[in-house]
Amino acid sequence: MNTELDWGNLSFGYIPTDYNVRCHFRNGKWGEIEVSSSETVNLHIAATALHYGQEIFEGLKAFRGKDGKIRVFRLEENAKRIISSANGIKMQPVPVELFTEMVKKVVKLNERFVPPYGSGASLYIRPLEIGTSAQVGVKPSSEYLFLILVTPVGPYFKEGFRPTNICIMREFDRVAPKGTGRWKVGGNYAASLDAGEKAHSLGYSAVLYLDPKEKKYLDECGPANFFAIKDGKYITPASESILPSITNMSLQQLAKDMGIEVECRHITLDELDNIQEAAACGTAAVASPVAEIDDLDTGKKYVVAKDGNPGPVTTALYNKLRAIQLGEEEDIHGWNTIIE
Ligand code: PLP
Ligand code: COI
């Protein structure tokens with residue numbers, strides 16, 4: 001069946017697709033993969049996901065390439081990261097093979113929702129795991145549901161690849177210094193909603209969080225990592241309280257391939273006076289250029305994109321990443337999985 005969506009104008013929202021895939025962990029083992037066309041789950045009222053936040057998720061994308069083939073970007077990295085998240089909050093890890101098989105299956109089943117080449121859109125893949133067994137004491141669940149839904153999406157920031165302003169607000173932390181920031185735990189996003197809404201109401205696309213211990217170093221944006229170009233180098237925060245972004249990791253590799261030096265280290269706020277480019281990077285955000293970083297506590301404004309345009313290094317990295325994802329350029333690092 002052909003699918004007619006306005007592919008070029010999709011936002012980052014939810015559009016129903018044909019199927020999702022599910023797998024239950026019960027009696028100490030993962031069961032068979034189930035294919036479902038239901039958009040709901042039936043949960044016990046005392047499930048740990050509902051009471052104690054045992055919920056983790058992932059985000060990855062499938063692209064329709066120039067050659068018509070469907071490519072999923074770096075799926076084994078997402079498979080590894082959800083295991084790390086599971087261990088972080090005492091959930092049952094999903095084996096890499098199961099994760100991989102389910103991603104391939106759900107993309108294939110919903111093939112008609114993979115946006116056409118050239119539309120700028122992609123199929124967003126959202127794996128999630130929840131604790132499902134009844135528990136009123138604060139303890140890990142003994143049963144889990146792992147499911148993957150997909151939905152076609154456009155740009156995360158409505159401006160697309162246009163620079164936007166972000167802000168710093170010290171009254172909010174998203175995570176604790178040695179807390180759950182390094183894992184993709186639903187609660188981190190709940191903890192970011194208040195700050196995010198405030199930032200949006202003031203016209204900012206995202207919050208740039210400082211490290212929650214000293215408020216001295218840059219951490220990351222609500223839904224994405226942060227990088228800057230400083231004197232020709234790609235600099236990005238090293239921190240225990242940020243999510244290890246697969247996009248950031250990929251951009252670092254592409255930067256090195258282009259002969260650009262990469263520094264993953266503490267970045268102080270003062271350094272923002274001397275950067276030439278900055279961007280928020282992630283699966284949803286890709287590389288979203290930053291125009292200005294406003295410190296709402298001190299009133300200081302760090303103007304990054306002085307002419308209002310994305311910088312040359314960010315543009316080159318963005319184009320290179322997209323070209324690999326779309327099969328326009330050779331995938332020399334073996335990042336794509338082709339869905340047969
Ligand atoms: N940081 C946070 C808090 C995120 O939610 C995301 C999105 O997944 C990222 C960073 C970027 O990670 P990735 O590039 O793996 O999508
Ligand atoms: C992603 O980039 O995949 C994310 O999960 C970020 C956001 C939509 C929460």
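Here is what the cut-offs are and how they apply
Residues numbered from 1 in each chain as written. Chains lettered and ligands numbered in written order. Predicted model: local features only at pLDDT ≥ 70, side-chain atom pairs only at ≥ 80, totals over all residues. Heavy atoms only, no water. Helix = DSSP H or I, 4+ residues; strand = E, 2+ residues; numbered from the N terminus. Rg over C-alpha atoms; globule rule 2.2 N^0.38 Å. Buried < 20%, exposed > 50% of the residue type's maximum accessible area, 1.4 Å probe, protein only. Contact = heavy atoms within 4.5 Å. Areas by Shrake-Rupley, 256 points an atom, 1.4 Å probe, with all protein chains shown as cover. Lys, Arg positive; Asp, Glu negative; His and termini not counted. Charge placed at Lys NZ, Arg CZ, Asp CG, Glu CD. Phe/Tyr/Trp six-rings, centres within 6.5 Å; stacked < 30°, edge-to-face > 60°. Near = heavy atom within 4 Å. Polar contact = N/O pair within 3.5 Å; in protein donor to acceptor, adjacent residues only side chain to side chain. 1 Å grid on protein atoms, 1.4 Å probe; cavity = no way out; pocket = protein on both sides within 12 Å on 5 of 7 lines; lining within 4 Å. Sits in = over half its atoms within 2 Å of the grid points. Nonpolar A, V, L, I, M, F, W, Y, C, P; charged D, E, K, R; others polar.

Thoughts on the overall build of the protein
Scanning the protein from terminus to terminus reveals seven helices and 18 strands. Expected size for 340 residues packed as a compact globule is a radius of gyration near 20 Å; at 20 Å, the protein falls within 12% of this value. C-alpha atoms of the protein, sized along the principal axes, occupy 55 × 50 × 35 Å. Here the protein holds 340 residues, and 54% of them are scored as buried. Intrachain contacts of the protein at a sequence separation of at least 6 include 72% that bridge at least 24 residues. Of the roughly 15100 Å² of accessible surface on the protein, a fraction of 51% belongs to carbon and sulfur atoms. Of the charged side chains in the protein, 38 are positive and 44 negative; the average position of the first set lies 2 Å away from that of the second.

A closer look at the packing of aromatic side chains
Per the stated rule, a full pass over the model turns up ten aromatic pairs. Considering the side-chain rings of Phe99 and Phe146, the 5.9 Å spacing of their centres and the 25° angle between planes classify their relative orientation as stacked. Placement of the pair is Phe99 in helix α3 (residues 96–109) and Phe146 in strand β8 (residues 144–153), with a sequence separation of 47 residues. Relative accessible area serves as the criterion here: at 0%, Phe146 is assigned to the buried category.

Details of the site of ligand 1
Close contacts around ligand 1 come from 16 residues, with Tyr189, Glu220, Ser245, Thr247 and Thr283 the closest. Contact between ligand 1 and Tyr189: an oxygen atom at 2.5 Å from a side-chain N or O atom of the residue. Within the contact set of ligand 1, an oxygen atom lies 2.6 Å away from a side-chain nitrogen or oxygen of Thr247. Alone, ligand 1 offers 380 Å² of accessible surface; in the complex the protein occludes 97% of this. Using a 2 Å cut-off from the grid points, one finds that ligand 1 occupies the largest pocket. If you list the elements that add at least two residues to the shell around ligand 1, you get α6 (246–257) and β15 (277–282). Broken down by class, the residue content of the shell around ligand 1 amounts to six nonpolar, six polar and four charged.

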